[in-house]
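# Understanding the architecture of this molecule
Listed below, chain by chain, are the residues.
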Amino acid sequence: MTYETGSIPMATAAWLHLLARHIKPQVVVEVGTFIGKSALAMAEGMDGGHLYTCDGSNPAPLSIASKELTITTTITPHPKTRSTQMLTGIADATKADLFFFDGRIADEDVAHISRLSQPATIYAFDDFGGTEKGVMNVAKMRSAFRQDLQLITPPA
């Protein structure tokens, strides 16, 4: 990247890895991969399946030591691609077991996320505090969520 920005902490990467290992998703859709730390953590935990990921800013996602990992998950990165572009290109028949949002979703993304969801889909949001992007993403998606979903947040 030509500018300074952050990445997820190792604790978040470990949590995503353990979540993927626990639920064993066949399809994961990630918005906002940046350098790919979260994508690789989930892909390694999945141990198979397919992970779609995009980042609107980074022309080289997954640039970290992916060659050193043994990953059987198929990863389809979409560098320099906004979420709407990636979501539009995923086939209707594809149903996500897990969405991870670490980037801003657009209003038009909600219909695509609903289209790619199934009753058991899990939605995970990073940066959930105050007026950060995670809070804004949940607000955008509230109408698309099943009414019985519970929002689980870290303890204060």
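Calculation notes
- Residues numbered from 1 in each chain as written.
- Predicted model: local features only at pLDDT ≥ 70, side-chain atom pairs only at ≥ 80, totals over all residues.
- Heavy atoms only, no water.
- Phe/Tyr/Trp six-rings, centres within 6.5 Å; stacked < 30°, edge-to-face > 60°.
- Buried < 20%, exposed > 50% of the residue type's maximum accessible area, 1.4 Å probe, protein only.
- Helix = DSSP H or I, 4+ residues; strand = E, 2+ residues; numbered from the N terminus.
- Pairing = 2+ DSSP bridges.
- Axes fitted to C-alpha atoms, helices over the stretch in contact; angles between N-to-C directions.
- Contact = heavy atoms within 4.5 Å.

## Concerning the packing of aromatic side chains
Scanning the model with the defined rule gives three aromatic pairs in all. Here Phe99 and Phe101 contribute two aromatic rings whose centre-to-centre distance is 5.6 Å and whose plane-to-plane angle is 5°, an arrangement assigned as stacked. What makes Phe101 buried here is its relative accessible area of 0%. Ring centres of Phe99 and Tyr123 lie 5.7 Å apart, and the angle between their planes is 10°; on these two criteria the pair is classed as stacked. Here Tyr123 lies in strand β5 (residues 122–125) and Phe99 lies in strand β4 (residues 98–101), a separation of 24 residues in the sequence. Members of the aromatic cluster, joined through ring pairs, are Phe99, Phe101, Tyr123 and Phe125.

## Structural notes on the sheet that holds strand β2 (residues 50–55)
Taken together, the five strands give an open sheet; going across it, the order is β3-β2-β1-β4-β5, and neighbouring strands pair in parallel fashion. A strand with exactly one partner marks an edge of an open sheet, and here the two such strands are β3 (74–79) and β5. Going from strand to strand, the sheet's axes swing by 10° on average, the running direction of each strand aside. Two elements, β4 and β5, share four bridges in a ladder whose sense is parallel. For Phe101, the partnering residue across the bridge sits in β5 and is Phe125. Its contacts with the sheet put helix α2 (residues 37–46) on β1 (27–31), β2, β3 and β4, and the angle it makes with β2 is roughly 175°.

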